[in-house]
Amino acid sequence: MVEKTREIILPEYMSQFQCIGSACEDTCCAGWRVTVDKETYKKYKDTRNPEMKTLLNENVKRNRSGNSDESYAKIKMDNSGDCTLLDEDHLCKIQKELGHEFLSNTCAVYPRNLNLVDNVVEKSATLSCPEVARLVLLNEKGIDFIQDVEPSDTKGFLKKNSMSKEQQELFWNLRIFTIKILQNRGFSIEDRLIILGLFYRKFDGLKSGGKSEKALSLMQEFEIGIDNGSLSDSIKQLPGNISFQVSMCKSLLEHRLTSPISSQRYVECFNEMAEGLGINSEYVEDEVIQRYKDAYEMAYKPFIDNHEYILENYLVNYVFTNLFPFDKKTITDSFAMLIINFSMIKLHLIGMAKYHKGLNNDLVIKLVQSYSKTIDHNNAYLKNVENLLREHGYTTLAHMVVLVKS
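Residues numbered from 1 in each chain as written. Predicted model: local features only at pLDDT ≥ 70, side-chain atom pairs only at ≥ 80, totals over all residues. Heavy atoms only, no water.

Quick one: what's the story with the side chain of Asn-115, residue by residue and with numbers?
Relative to the helices and strands, Asn-115 resides in strand 5 (residues 112-117). Among the polar contacts listed, one links the side chain of Asn-115 to the backbone oxygen of Thr-321, at a separation of 2.9 Å. Contacts of Asn-115, omitting those with residues within four sequence positions, involve Val-120, Val-121, Glu-122, Leu-158, Lys-159, Thr-321 and Leu-323. (Helix = DSSP H or I, 4+ residues; strand = E, 2+ residues; numbered from the N terminus. Polar contact = N/O pair within 3.5 Å; in protein donor to acceptor, adjacent residues only side chain to side chain. Contact = heavy atoms within 4.5 Å.)

Next comes the structure, spelled out in C-alpha cells:
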C-alpha cells in the first residue's frame, strides 16, 4: 500500500533540530499551561501501566473551560511551575515509560509550529526553545527554505490561516519581498525595517481592485529605489526618539513589579537591562538617555556590527512563522508587532551590554529564548507595550519607523 504524503515547506534549520533533553539549560515543561488533546487523554485513561495510570490520574485533569478537542485536558504544574510528569533528570516520564506515541499534540509538536497555507504545511519553530534559538540565530549564512514531503498522518495540530481571498492572492509576493528586504545585507538591520515600514505605509494606502498588480508595481518601485540609492537618502532624513525607548523601559519595569513572570532566565535578563541603563523608580530621564547612548556606542554596537545576522534571522523566522503581514487585523498592527518585538529585544540587549560591558552569543541566546518564552504565553506583557504605544500616539506605520530609528 502506497503511503499518503503531504507537501511541506520549512526553514533549513528544522532538518537539523534535535531535542538535547536533560542537557538543555531550560525546560519546555515549565512556566506555562500544557494542554492535552481528547484522543491522548483517552489513551491515558486506558493505559495498563499501573504506575503511570496512577500518576496520570493524579496529574492530568479535564479542562472544564476548554471548548475544543485540542484543549480537552491539562497537566498539573507543581509549586515551582514545573510539569509534575518530569523525572529527576527533567525528562518526560510519559515518553520514557509509555513511548512517544503517548505524548499529547502539545508535547509531541513543541517547539514546532505548523501552519496550513494553500494546502501546504509550513513548519517552523519557536525561539522559546534554547536549541532552536541557537540553530536559528547563530546561522551566519542566514535562513534558507526547503520543500519536502512527509506522511499525511504526521502528528501535530495544524493552524489554518484566516486570510481573505484578496490576502491569499497578495500573500506570497509580500512574503518573498519582505524576506528579501530583511536579508539584504547592504543595509543595516534598522534600515531594512525602515524600508519595509515605508513600503507597507504605501501598500496600506492602495485601493482595492487589481491590488495584486499594484503591489507588484510598488515592489518594483522600491527595488529601483534600493538600486539607485534614493531610498538610502530618504532614510537618513528620518528622526529618532530615544526618550520613547526610555519611557518604554520604565513602563516595562512597572509592569514587571506588578505582574509575575514565570521565566527566571528572563527576569535575570530584565534586571540586568534595568541596572545597565539605570532604570529605577527614581530615575532621571536625561541621565538614562545618556547611559543608553553610551551603552549603544561602547558595548552594544561593537558586538552587533559583527553579528547583525542574529537580528536578521530573528526577524525572518518571525515573518515566516507568523504569516506576516496578515497575522493581525490590519497591516499597521502586523508591522507594529514586528517592530515592538524587535525594539524590545534591542532595548534589552543594549542594557545587558552595559551591565556586562559587552555582549556574546550566549547572552543573546539567553535573552531571545527567555523573552520568547515569556511573551509566547503571556499576552498581557506585550499588551502593556501596545498600550504604551497608543498612549504616546505611536500607532501609525510612520511612528513605527521612528521607533526603529531610535
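Could you give me a rundown of the sheet that holds strand 2 (residues 34-36), with the residues and numbers involved?
Judged by pairing direction, the sheet is antiparallel, and its three strands sit side by side in the order 2-4-3 without closing on themselves. On the outer flanks of this sheet lie strand 2 and strand 3 (60-62), each paired with one strand and no other. Shown here is a sheet whose adjacent strand axes are inclined to one another by a mean of 35°, direction ignored. Here three bridges tie strand 2 to strand 4 (residues 73-75), and the two strands are oriented antiparallel to one another. Across the sheet, Val-34 pairs through a bridge with Ile-75, a residue of strand 4. Here helix 1 (residues 38-46) sits on the sheet and contacts strand 2, strand 3 and strand 4; the angle it forms with strand 2, its principal contact strand, is near 80°. In this fold helix 2 (residues 50-59) packs onto strand 3 and strand 4, with an angle of close to 45° to the strand it touches most, strand 3. (Pairing = 2+ DSSP bridges. Axes fitted to C-alpha atoms, helices over the stretch in contact; angles between N-to-C directions.)

Please give an account of the packing of helix 6 (residues 165-182) against helix 8 (residues 211-228) that cites residues and values.
Any two packed helices are characterised by the angle at which their axes cross and by the distance between the axes. One can describe the packing of helix 6 onto helix 8 by two numbers: an axis separation of 10 Å at closest approach and a directional angle of 10°. Taken together, the axes of helix 6 and helix 8 are roughly parallel relative to one another. Across the interface between the two elements, Glu-166, Glu-169, Leu-170, Asn-173, Leu-174, Phe-177, Lys-180 and Ile-181 from helix 6 touch Lys-211, Ser-212, Ala-215, Leu-216, Met-219, Phe-222, Glu-223 and Ile-226 from helix 8. The residue inventory of the contact of helix 6 with helix 8, partitioned by class, reads nine nonpolar, two polar and five charged. (Parallel < 35°, antiparallel > 145°, perpendicular 65-115°, else oblique. Nonpolar A, V, L, I, M, F, W, Y, C, P; charged D, E, K, R; others polar.)

How would you sum up the packing of aromatic side chains? Please name residues and give values.
A full pass over the atoms with the stated rule returns 13 aromatic pairs. Measuring from ring centre to ring centre gives 4.8 Å for Phe-145 and Phe-320, while their planes differ by 40°; the resulting arrangement is tilted. Here the residue Phe-145 occupies a position in strand 7 (residues 145-151), and Phe-320 occupies one in helix 13 (residues 308-321), the gap between them amounting to 175 residues. Look at Tyr-314 and Tyr-318: their rings are 6.5 Å apart centre to centre, the planes differ by 35°, and that puts the pair in the tilted class. Pair noted here: Tyr-314 and Tyr-318 are both in helix 13, with a separation of four residues, about one helical turn. The burial state of Tyr-314 is the same as that of Tyr-318; both residues are buried. Each residue in the set Phe-177, Phe-199, Tyr-200, Phe-203, Phe-222 and Phe-324 is aromatic and connected to the rest through ring pairs, giving one cluster. Seen from the ring of Tyr-72, Arg-62 lies directly overhead, with NZ or CZ sitting 3.8 Å from the centre. The residue whose ring lies beneath Arg-175 is Trp-172, and the NZ or CZ to ring-centre distance is 4.9 Å. (Phe/Tyr/Trp six-rings, centres within 6.5 Å; stacked < 30°, edge-to-face > 60°. Buried < 20%, exposed > 50% of the residue type's maximum accessible area, 1.4 Å probe, protein only. Lys NZ or Arg CZ within 6 Å of the ring centre and 35° of its normal.)

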